[in-house]
Amino acid sequence: MNINLANTLFDDGIFSALYKAGFITTKVFVYREIYLWVQAQVKTRNITRNQAVLEAEIKFNKDERTIWRALNCFDDKT
């Protein structure tokens, strides 16, 4: 999924409605938050993506593979 599309769905409240209806889990929200946090760290602190992933492991209390899975979920595949 493209992050721009995900942000639009989030801003329009569609993700929330889908969650309340039971069609999606909280994983979508967590993955989006992880993706945005890692991208912000890379951009603002000028660190490598790998370093940001290692820091995200600690911040979000998730396994490294889960962080990469979140990043791959929202990367552009065009």
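Structural data are supplied above this passage.
Per chain, residue numbering runs from 1 following the sequence as it is written. In keeping with the model being predicted, local features are shown solely for residues with a pLDDT of at least 70 and side-chain atom pairs are shown and tallied solely at 80 or more, while totals for entire chains, interfaces and linings include all residues. Side-chain numbers come from the whole structure's heavy atoms, not from hydrogens or water.

1. Overview of the overall build of the protein chain
Under the scheme used here, helices are H or I runs from DSSP no shorter than 4 residues and strands are E runs no shorter than 2 residues, and both carry numbers assigned from the N terminus. Within the protein chain one finds 5 helices and 0 strands. C-alpha extents for the protein chain along the principal axes are approximately 35 × 25 × 20 Å. Contacts in the protein chain between residues far apart in sequence, at least 24 positions, make up 44% of those at least 6 positions apart. Areas reported as accessible are Shrake-Rupley estimates using a 1.4 Å probe. Residue values count occlusion only from the protein chains shown. Accessible surface computed for the protein chain: about 5200 Å², of which carbon and sulfur atoms make up 53%. When charges are counted, Lys and Arg contribute as positive and Asp and Glu as negative, whereas His and the chain ends are disregarded. The location of each charge is read from NZ of Lys, CZ of Arg, CG of Asp or CD of Glu. Mean positive and mean negative side-chain charge positions of the protein chain (11 and 9 charges, respectively) differ by 2 Å. We call two residues contacting when some pair of their heavy atoms lies within 4.5 Å.

2. Here we look at the packing of aromatic side chains
Any pair of Phe, Tyr and Trp rings, taking the six-membered ring for Trp, is counted once the centres come within 6.5 Å. Such a pair is stacked with planes under 30 degrees apart, edge-to-face with planes over 60 apart, and tilted for the rest. According to the stated counting rule, one finds 5 aromatic pairs in the structure shown. Where Y19 meets F29, the ring centres are 5.9 Å apart and the plane angle is 90 degrees; that geometry is what we call edge-to-face. Taken together, the residues Y19 in helix 2 (residues 14-20) and F29 in helix 3 (residues 27-45) connect sequence positions 10 residues apart. Three or more aromatic residues link up through ring pairs in this structure, and these residues are F10, F15, Y19 and F29. Cation placement over rings: the criterion is NZ of Lys or CZ of Arg within 6 Å of the ring centroid and within 35° of the ring normal. Over the ring of F10 we find R32; its NZ or CZ atom is 3.8 Å from the centre of that ring. Over the aromatic face of F60 sits the side chain of K59, whose NZ or CZ is 5.6 Å from the ring centroid.

3. With respect to the pattern of salt bridges
We define a salt bridge as a contact between a side-chain nitrogen of Lys or Arg and a carboxyl oxygen of Asp or Glu at a distance within 4 Å. Under the defined criterion, the tally for this structure stands at 1 salt bridge. Between R45 and E55 there is a salt bridge, with the nearest N and O atoms lying 2.5 Å from each other. Of this pair, R45 sits in helix 3 while E55 sits in helix 4 (residues 49-60); the two residues are 10 residues apart in sequence, bridging distant segments of the chain.

4. Some details on the nonpolar core
The definition of a nonpolar core used throughout is a set of buried Ala, Val, Leu, Ile, Met, Phe, Trp, Tyr and Cys residues joined through side-chain atoms within 4.5 Å. The buried label applies to any residue whose accessible area, calculated with a 1.4 Å probe on protein chains only, is under 20% of its type's maximum; exposed applies above 50%, and partly exposed to all values in between. Core analysis: the largest hydrophobic core is formed by 20 residues, its most contacted members being I34, V38, A56, I67, L71 and F74. If you list the elements that add at least two residues to this core, you get helix 1 (3-11), helix 3, helix 4 and helix 5 (64-74). Residues in contact with A56, not counting those within four places in the same chain, are W37, V38, N61 and I67.

5. So, the side chain of R32
By the secondary structure assignment, R32 is in helix 3. It turns out R32 is buried and unbridged, and the closest side chain with the opposite charge, D11, is 4.6 Å from it. Not counting the four nearest positions on each side in its chain, R32 is found in contact with I3, A6, N7, F10 and F74.

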